[in-house]
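Listed here are the chains, written in short residue letters.
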Amino acid sequence: MDYSQFLLMTPEVSLALTLIVLLVADLVMGDKSKQYFQPLALVLFAIHTAYNFCGDNLAGQSEAFSGMYITSNIHVFVKNMLNVGTLLVFLFSFEWNKKENKEHIAEFYLLMMATLFGMYLMISCGDFLLFYIGLETASIPMATLVALNKKRNESAEAAAKYILTAGFSSSVMLFGISLIYGSCGGSLYFCDVVKNFTAEPFQIMAMIFFMAGVAFKISLVPFHLWTADTYQGAPTSVTAYLSVMSKGAAAFAFMVIMWKAFSNVDVKSTFISWTNILWWVIVITITVGNIFAIRQKNLKRFLAFSSISQAGYIMLGLMSGTAEGMGSMVYYILVYLFTNLGAFGVISNIEDKSGKVGMDDYNGLYETNPKMAVVMMLAMFSLAGIPPFAGFWSKFFIFASAAQAGEYLLVFLALANTIISLYYYLLVVKAMFINKSDSPIATFKTDTMSLIGITVCTVGFLFLGFISGIYEQILNWSFGI
């Protein structure tokens, strides 16, 4: 084996080195010097993030290990998006780690980076084996992160539900992959599968099993039942990470796999084609997510069902199978990253100061903490797709890509669902600005790290929609895949 091929895996090698340095630091640091671990982790990860934005890492499409690993400009960009999102989560969790998670600070950072490494592999996979390895590398540390708060029974319950459903979905997916291997010439490479996939009933069943496993990771209905309980029980920083990074990596990998491994099938010819299956999954996912979000009083559960609905919108980009579809999906994930993390940043900050996460607890928030209320309001508007916020443009581009594929009814149903989503997002705004409370959340001062993170997120979802060059660049990179 030519070990020089590892040089193409710049993001993975950089993250692995960061992990190793932090692991050694955790082992050699004494009790007194442990206080410096968290700043060290933040600085090293920030360096890793900045390094991967260097132009040398955007060098066009390349392959390693006979096509098992694929990288291109769009692959690197998606990884950089995840890096930025993870760095924001680290900023939001800084104060929580100091106060509530003193004994497990190192575990928090190491596990978070380990699951990010798995997502890197998912994004750059060129065959089903590497995708599965990446999926498990991302899922197992995530279950540990969900259970990190040992003082709360809800955290342990959430982790149990997550790992059990993740294990079941992985077994279903692995069974489907084994059937694909057996029916497609004994190969798991996408380029070989596409040559041998003839859409026979046996192969269709294998494809459905695989799709079901990925649908769990993205929280598509009916594989979404773990989401609300896990989001509610996990530490808020972990919930924020789950809602954006995990979903974004899986959605991108899913799109690449479906169009590289199964693109030779006449996807419009039969009712059981995967685009027809996905059509119904998208409609049901958006609708169920929106309807159940209306009923939620806990803001973490509220954003859990919101994220289920958003997953349906993200999948619209997959329907076209074009560069426009991929570009609109990646842009949607980018905007969703800043918007959703901005909302979770506010929730995390308020929870750290007051311990409150209920929607009724936010009654009268504007009177005591107007800045937090305004940021939360703007994030809700962006999630709802109200112009001129970036969320409007992300929905516009992803609807346009689906319309170009002739999916006019699907786009209409998705647009109709935005009316429902507007209603429940405005419920949060109403609570903060209109509803009165005899005991509102007390006025507090935001810690510096959280303030930086919230500011970056706010700038992101306010101005991304006006910087047209970002979408155009993403679209140009998408043509190269």
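Residues numbered from 1 in each chain as written. Predicted model: local features only at pLDDT ≥ 70, side-chain atom pairs only at ≥ 80, totals over all residues. Heavy atoms only, no water.

A. Inspection of the overall build of the protein chain at higher detail. When helices and strands are counted, the protein chain shows 19 helices and two strands. The C-alpha atoms of the protein chain give a radius of gyration of 22 Å, which matches the 23 Å a tight globule of 481 residues would have. Across its three principal axes, the protein chain shows a C-alpha extent of roughly 65 × 55 × 45 Å. The buried share of the protein chain, reckoned over its 481 residues, is 60%. Nonlocal contacts in the protein chain, meaning residues at least 24 apart in sequence, comprise 79% of its contacts between residues at least 6 apart. Carbon together with sulfur atoms contributes 67% to the accessible area of the protein chain, which is approximately 18,300 Å² in total. Positive and negative side-chain charges of the protein chain, numbering 26 and 28 respectively, have mean locations separated by a distance of 9 Å. (Helix = DSSP H or I, 4+ residues; strand = E, 2+ residues; numbered from the N terminus. Rg over C-alpha atoms; globule rule 2.2 N^0.38 Å. Buried < 20%, exposed > 50% of the residue type's maximum accessible area, 1.4 Å probe, protein only. Contact = heavy atoms within 4.5 Å. Areas by Shrake-Rupley, 256 points an atom, 1.4 Å probe, with all protein chains shown as cover. Lys, Arg positive; Asp, Glu negative; His and termini not counted. Charge placed at Lys NZ, Arg CZ, Asp CG, Glu CD.)

B. Structural detail: the pattern of salt bridges. The tally for this structure, following the rule as stated, stands at seven salt bridges. For Glu95, the salt bridge goes to Lys99, with nearest N and O atoms at 3.6 Å. Highlighted residues: Glu95 and Lys99, both in helix H3 (residues 73–99), separated by four residues, approximately one helical turn. Taking relative accessible area as the criterion, Glu95 reaches 15% and is therefore assigned buried. (Salt bridge = Lys/Arg side-chain N within 4 Å of Asp/Glu carboxyl O.)

C. A look at the packing of aromatic side chains. By the definition in use, this model includes 31 aromatic pairs. Ring plane angle 70° and centroid distance 5.4 Å describe the contact between Tyr162 and Trp226, whose orientation is recorded as edge-to-face. Here the residue Tyr162 occupies a position in helix H6 (residues 153–183), and Trp226 occupies one in the loop between helix H8 (201–218) and helix H9 (227–233), the gap between them amounting to 64 residues. We classify Tyr162 as buried; its relative accessible area is 1%. Overall, the relative accessible area of 7% leaves Trp226 in the buried class. Put simply, the rings of Phe37, Phe45, Phe90, Trp96, Phe108 and Tyr109 pair up and form one aromatic cluster. Lys79 extends its terminal NZ or CZ atom over the ring of Tyr120, reaching a point 5.7 Å from the ring centre. A cation over an aromatic ring shows up here: Lys395 above the ring of Tyr313, its NZ or CZ 4.8 Å from the ring centre. (Phe/Tyr/Trp six-rings, centres within 6.5 Å; stacked < 30°, edge-to-face > 60°. Lys NZ or Arg CZ within 6 Å of the ring centre and 35° of its normal.)

D. Structural detail: a nonpolar patch on the surface. Together, Tyr3, Phe6, Val13, Leu17, Ile20, Leu23, Val24, Leu27 and Val28 make up a nonpolar patch on the protein surface, roughly 900 Å² of accessible area in all. For Phe6, the location among the structural elements is in the segment before helix H1 (10–28). (Patch = residues over 30% accessible without salt bridge, like charges linked within 9 Å, V, L, I, M, F, W, Y side chains within 5 Å.)

E. Quick look at the side chain of Ser187. Relative to the helices and strands, Ser187 resides in the loop between H6 and helix H7 (190–196). The buried category is assigned to Ser187, whose relative accessible area is 10%. Among the polar contacts listed, one links the side chain of Ser187 to the side chain of Asp192, at a separation of 2.7 Å. Ignoring anything within four residues of it in the chain, the contact list for Ser187 reads Tyr181, Asp192 and Val193. (Polar contact = N/O pair within 3.5 Å; in protein donor to acceptor, adjacent residues only side chain to side chain.)

F. Looking closely at helix H5 (residues 128–146). Compared with an ideal rise of 1.5 Å per residue, which puts 19 residues at 27 Å, H5 spans 27 Å between its outermost C-alpha atoms and is within 8% of the ideal. For H5, the buried fraction is high: 14 of the 19 residues fall into the buried class. (Expected span 1.5 Å × (residues − 1).)

G. Quick look at the state of the cysteines. Applying the stated criterion to the full structure yields zero disulfides. Here Cys184 is not cross-linked by a disulfide; its sulfur's nearest cysteine counterpart is in Cys191, at 12 Å. (Disulfide = S-S within 2.5 Å.)

H. Broad picture of the environment of Thr137. Checked against the element boundaries, Thr137 lands in helix H5. Overall, the relative accessible area of 26% leaves Thr137 in the partly exposed class. The spacing of Thr137 and Val13 is 124 residues in sequence and 15 Å in space, taken between C-alpha atoms. Residues contacting Thr137, with those up to four places away along its chain left out, are Ala114, Thr115, Phe117 and Gly118. Within the structure, Thr137 has its side chain in polar contact with the backbone oxygen of Ile133 (distance 2.6 Å).

I. Looking closely at helix H2 (residues 37–51). Here H2 spans 21 Å end to end across 15 residues, near enough to the 21 Å set by a 1.5 Å rise per residue. Among all positions in H2, only Phe37, Gln38, Ala41, Leu42, Phe45, His48 and Thr49 are buried. Down the axis of H2, the smallest arc covering the buried residues is 135°, so these residues share one side. Buried positions along H2 lie against H1, H3, helix H4 (105–123) and helix H18 (448–463). (Arc of directions from axis to C-beta.)

In short, geometric facts, not functional conclusions.
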